[in-house]
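Remarks on the overall topology
Residue-level listing of the chains:
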Amino acid sequence: MVTSNSSFNVSNVEAIDLGKSSNPINTGVGFFDHMLDQLNSHAQVGVSVKVLKNSTNGDGDGDGNGNDASIIEDRNRHAHPPESQEELMSQVGSALGAEIRKLIPSTANKSRFCCPLDEALVECTLAPNKDSQDGSGNLIAFSLAPYGIYPKTGRSKIGQMMTAPLEKFFACMASASGLNISLIKRRGDNGHHVVESAFKAFSRALRNLIDGTSIDSEVDNHDGVGNMASMWGIKSQSYKEGIDLDRSGKSSRATKETSIDVELKLDGGASGIVINSGINSLNDFYTKLAQEAKISLSVKCKGDTWVDDHHTSEDVSIAIGKVLNTSLGTKAGLNRMWCAVATVGEANVEVTMDLSNRPCITHNLSLSSCGEEYVGDMSIEMLDHALESLVMNAQMTVHIVEKSMGNNLPDLMIATAAAFGKCLRLCAAVDPRRAGKTASSKGTLCA
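Being a predicted model, the structure only gives us computed values, none of them experimental. (Residues numbered from 1 in each chain as written. Predicted model: local features only at pLDDT ≥ 70, side-chain atom pairs only at ≥ 80, totals over all residues. Heavy atoms only, no water.)

**Focus: the overall build of the chain**
For the chain, the count of helices and strands is 12 helices and 19 strands. For 447 residues, the compact-globule formula gives about 22 Å, and the C-alpha radius of gyration of the chain, at 24 Å, lands near that figure. By its C-alpha atoms, the chain is 85 × 45 × 45 Å across when sized along the principal axes. In the structure as shown, the chain presents an accessible area of about 18700 Å², 47% of it carried by carbon and sulfur atoms. Each charge sign in the chain was given a centre, from 42 positive and 53 negative side chains, and these centres are 4 Å apart. (Helix = DSSP H or I, 4+ residues; strand = E, 2+ residues; numbered from the N terminus. Rg over C-alpha atoms; globule rule 2.2 N^0.38 Å. Areas by Shrake-Rupley, 256 points an atom, 1.4 Å probe, with all protein chains shown as cover. Lys, Arg positive; Asp, Glu negative; His and termini not counted. Charge placed at Lys NZ, Arg CZ, Asp CG, Glu CD.)

Below you can see the structure in the form of structure tokens.
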């Protein structure tokens, strides 16, 4: 595609739903290529694009006869001058947007997704612009800057890609695709991860928009009827394949402080939930988590609760996390990422999870500012520590966003457990379309 007076020729543009392009992504800006590749891995849309410089006075790429192989080997050939990247990224946004438009069903409504990285959380919302007379979309919101805090003003470039033109890229993508796009950074101190989280959030939101699924819908609301139920519900192919994997794990460990037996099965909860940790609040937390995750969980612990609740809370959470990680196996073929919201009383919590093998937890739960010391019979600091122990040993990345604390800490704790469990259920779900392949641009999850 060549626009009038443009400096670049954008060609080989493809966006193939649930397919793979035979052509590569090669824009001439290496980090930009890496970000576009997130559409392949996380939207399951086969994307390709090639950018060459137009010839003006003989200074273009290639010889005009397609002999450009040696030129495109330079993956950062268009990084300089930096000011030209806005034009390049705008053209790529328009070209890809036009192809993505073809994938959006006429019944598409709205999709939202948050992508959790260990140092960033970006939320993307997509919706067809049904009010547009010319079919174009708009960039409704874009607040990613500053790109990290090193320096305080944020990064101006990552690799050889300038960060300022990203807004123009997504604006052109929105216009050409007919989608209203919103990208909002909720958290993020690392510029690389802020940008990566934005592209992954966009990709996942796009997949859900095409599928007609939503993180804001309950899986089993319609008893097997509706897109969420047919894709992920108890009558779905995903659910059946997950059960057929017979995923489970068990652990027994004994120290001078605790003696613990844990057994976990990803069996839809068929084997039941029995949790006896010696701490009622911890029992309640993990019971709710397991119920929402549709897993079977047995925990028996004899701990030195006469000392305090520290050793039991920590060791039980470590054991559950390790057994969960074992049960999930390599995580190949799984959905891997999801977001979920839960409300208990007036408490409202959203959890975003990635079975990443890069353990990290970030939250804004009102645990230190509530003025309380205990939630039931467990100290509040141990609720915080139990969450950390669970996440670190399960090898997952988790962001917890408290939207409303509610009126009491027990409600906040159970809302957190419920959102965590809902998230885990969809992250651990088999995506049959992946055919056992890992949802990652690397092709594997780092151990």
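The structure having been displayed, the exposition proceeds.
**With respect to a negative patch on the surface**
Together, Asp 308, Glu 373, Glu 381, Asp 384 and Glu 388 make up a negatively charged patch on the protein surface. With respect to the secondary-structure elements, Asp 384 resides in helix 11 (residues 380-394). (Patch = residues over 30% accessible without salt bridge, like charges linked within 9 Å, V, L, I, M, F, W, Y side chains within 5 Å. Salt bridge = Lys/Arg side-chain N within 4 Å of Asp/Glu carboxyl O.)

**Remarks on the sheet that holds strand 19 (residues 397-404)**
Hydrogen bonds along the backbone pair up the strands of a sheet, which may run parallel or antiparallel. In spatial order, the strands read 14-15-19-16; together these four strands make up an open sheet with mixed pairing. The open sheet has two edge strands with one neighbour each: strand 14 (337-344) and strand 16 (360-363). Sheet twist, expressed as the average angle between the axes of neighbouring strands with direction ignored, equals 15°. Two strands pair when backbone bridges link them, and strand 16 and strand 19 are joined in this way by four bridges, in the parallel orientation. From the neighbouring strand, Thr 362 faces strand 19, where its bridge partner is His 399. (Pairing = 2+ DSSP bridges. Axes fitted to C-alpha atoms, helices over the stretch in contact; angles between N-to-C directions.)

**Structural notes on the nonpolar core**
Residues Phe 32, Val 92, Tyr 286 and Met 396 are the most contacted members of the largest nonpolar core, which totals 127 residues. Top element by residues in this core is helix 12 (residues 409-427). It accounts for 13 residues. With residues near it in sequence (within four places) discarded, Tyr 286 still touches Ile 275, Leu 297, Val 316, Ser 317, Ile 320, Ala 386 and Leu 390. (Core = buried A, V, L, I, M, F, W, Y, C linked by side-chain atoms within 4.5 Å. Buried < 20%, exposed > 50% of the residue type's maximum accessible area, 1.4 Å probe, protein only. Contact = heavy atoms within 4.5 Å.)

**Let's talk about the packing of aromatic side chains**
For any pair of aromatic rings, geometry is given as the distance between the ring centres together with the angle between the planes. All told, the structure shown has nine aromatic pairs when counted by the stated rule. Judged by centre distance (5.1 Å) and plane angle (50°), the rings of Phe 170 and Phe 199 are tilted. With Phe 170 in helix 5 (residues 166-177) and Phe 199 in helix 6 (residues 191-211), the pair connects residues that are 29 residues apart, well separated along the chain. Of the two residues, Phe 170 and Phe 199, neither departs from the other in class, the shared state being buried. Each ring, one from Phe 170 and one from Phe 202, has its centre 5.8 Å from the other, and the planes form 65°; the classification is edge-to-face. (Phe/Tyr/Trp six-rings, centres within 6.5 Å; stacked < 30°, edge-to-face > 60°.)

**Things to note about the packing of helix 5 against helix 6**
Two elements in contact, helix 5 and helix 6, have axes whose closest approach is 13 Å; the angle formed by their N-to-C orientations is 10°. With respect to helix 6, the axis of helix 5 lies roughly parallel. Counting all contacts with helix 5, which are made through Leu 166, Phe 169, Phe 170 and Met 173, the residues of helix 6 involved are Val 195, Phe 199 and Phe 202. Taken together, the residues of the contact of helix 5 with helix 6 sort by class into seven nonpolar, no polar and no charged. (Parallel < 35°, antiparallel > 145°, perpendicular 65-115°, else oblique. Nonpolar A, V, L, I, M, F, W, Y, C, P; charged D, E, K, R; others polar.)

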